[in-house]
Amino acid sequence: MVSKTQTLKDLEDALENGASDTGTIQKFLRMVRELRVRRSELVSQHGAKLLNSRLLGEEERWLVHEQVCVAALDCQDLEVAVQCLKKLKAKFPTSIRVGRLRGMALEAQGKWEEALVHYEKLLAESPANANIMKRKVAVERARGNTHKAIEALNEYLDSFMSDVDAWAELGDLYVENLMYKQAAFCFEELITAAPHNYLNHLKYAEVLYTMGGAENVRNSRKYFSAAVDLTGGDSLRALYGLWTATSAIKALKGPKDPEDESPLGDLASKQIVALYKAGCPAKAKIVEACVEDRSLDTIANLPMQFDVGNTIAQNFSIQEYESGSMKQML
């Protein structure tokens, strides 16, 4: 039985190879809506042909108008977007959903202040509208106002505390602003909500390591270990973190913990080399030499900030990391 994802891919291939019949386009748009994926270029390019088609029923006609409008805004095709928006506004003059599209059109034109004022008006009518609150966050992020974006996200999470994507976004914003304690709280929430997602453990470990201090570094090793376990040892990012954290713990001064002499660092370094040998043999010897020659004194003098690209493997580009099984690096 063909999966829906494969069906979508087949329809994409058909459109990219020149198919232009309305039946194929209709199936493609339906599948995009059902799977909730973004295929803006194809939707904008082909969806416009379906706007006045007799194939569409009354309900689907307006769903397609909305879908094409959003895709056109993504592609900066303002002419098509405005055309769809006018028809939707005429059909649904008091709709908050259509109002959101108008705000997105203002965003596409770079009219940030107007968009914010418009969203505030919509929220006055529908105070708990999650989509409108998210648009406010998007506006602040788009114009580089991360502090305002943080405020808007916190306001949103006051009402929708179970939204894991919002917690992840807030955590990333805090990291961007070097607010590591607040970021750690966000990633703790994510681990509680989705304990089997290795990225939650990994990001939390990186924040703890960056914050520094013996306790935080020791705790970071635990969460790097969890990320390695959840990925079956295939994530270079998690392995590098575990290796660095374990080495840094061994170099700590002051009272020692029995677990400070854990062999996890050696195991992680061996797995790093093994992954390079399997996925990027040309770099394997260089990585192996780097791992073997890295002294504890060197690690002890490193700044307490986790940065894979600059601290651990500064001679390699991101593109070089993304090879074979090492694609989970990012």
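Quick note: structure is the one above.
An account of the accompanying structure is given in this report. (Residues numbered from 1 in each chain as written. Predicted model: local features only at pLDDT ≥ 70, side-chain atom pairs only at ≥ 80, totals over all residues. Heavy atoms only, no water.)

## Here we look at the nonpolar core
To keep it simple, the criterion reads: As used here, the term nonpolar core means buried Ala, Val, Leu, Ile, Met, Phe, Trp, Tyr and Cys residues forming a set that is joined through side-chain atoms within 4.5 Å. Each residue is placed in one exposure class: buried if its accessible area under a 1.4 Å probe, protein chains only, is under 20% of its type's maximum, exposed if it is over 50%, and partly exposed if it falls in between. Note on conventions: DSSP H or I runs of at least 4 residues are helices, E runs of at least 2 residues are strands, and numbering of each starts at the N terminus. Pairs of residues are marked as contacts when any of their non-hydrogen atoms sit within 4.5 Å.
In terms of nonpolar packing, the biggest core is built from 63 residues, with F28 and L170 touching the most fellow members. Broken down by element, the residue count for this core peaks at eight residues, all from helix α4 (residues 58-74). Filtering out sequence-adjacent residues up to four positions away, F28 remains in contact with L8, L11, E12, L15, R39, L42 and V43. Membership of the second largest hydrophobic core comes to 26 residues, among which are L236, L239, I249 and L252.

## Overview of the packing of α4 against helix α6 (residues 96-108)
Which entries qualify depends on this criterion: Here, axes are lines fitted to C-alpha atoms. For helices the fit covers the stretch in contact, and angles between N-to-C directions go from 0 to 180 degrees. Roughly parallel here means an angle under 35 degrees, roughly antiparallel means over 145, roughly perpendicular means 65 to 115, and every remaining angle is called oblique. Two helices that cross are described as forming a left-handed crossing if the nearer one is turned anticlockwise from the farther one by less than a right angle, and a right-handed crossing if clockwise.
Axis separation between α4 and α6 bottoms out at 10 Å; the angle between their running directions is 20 degrees. Considering the angle they form, α4 stands roughly parallel to α6. α4 and α6 meet at a crossing whose hand is left-handed. Across the interface between the two elements, L63, E66, C69, V70 and L73 from α4 touch R97, R100, L101, M104, A105 and A108 from α6.

## Quick look at empty space enclosed by the protein
This is how the line gets drawn: Think of a 1 Å grid over the protein atoms and nothing else: a 1.4 Å probe that fits but is trapped marks a cavity, an open set flanked by protein within 12 Å on at least five of seven lines marks a pocket, and residues with an atom within 4 Å of a point count as lining. Grid points are joined across faces, edges and corners, and a volume is the space filled by probe spheres set on the points. Put simply, Ala, Val, Leu, Ile, Met, Phe, Trp, Tyr, Cys and Pro go in the nonpolar bin, Asp, Glu, Lys and Arg in the charged bin, and everything else, Gly too, in the polar bin.
Inspection of the entire model under this criterion finds one cavity of 30 Å³ or more. One number sums up the size of the largest cavity: a volume of about 30 Å³. Taken together, L123, M133, K136, A152 and E155 form the lining of the largest cavity. At the level of secondary structure, the elements contributing two or more residues to the lining of the largest cavity comprise α8 (130-142) and α9 (146-159). Looking at the lining of the largest cavity, its residues break down into three nonpolar, no polar and two charged.

## Topic: α4
Filter applied, for reference: Expected helix span is taken as 1.5 Å per residue step, with the number of steps being one fewer than the number of residues.
Between its first and last C-alpha atoms α4 spans 25 Å; for 17 residues at 1.5 Å apiece the expected length is 24 Å, and the two agree. Burial analysis of α4 places 13 of its 17 residues in the buried class, the great majority of the element. Of the residues flanking the end of α4, it is Q76, one or two places downstream, whose phi is positive at about 60 degrees.

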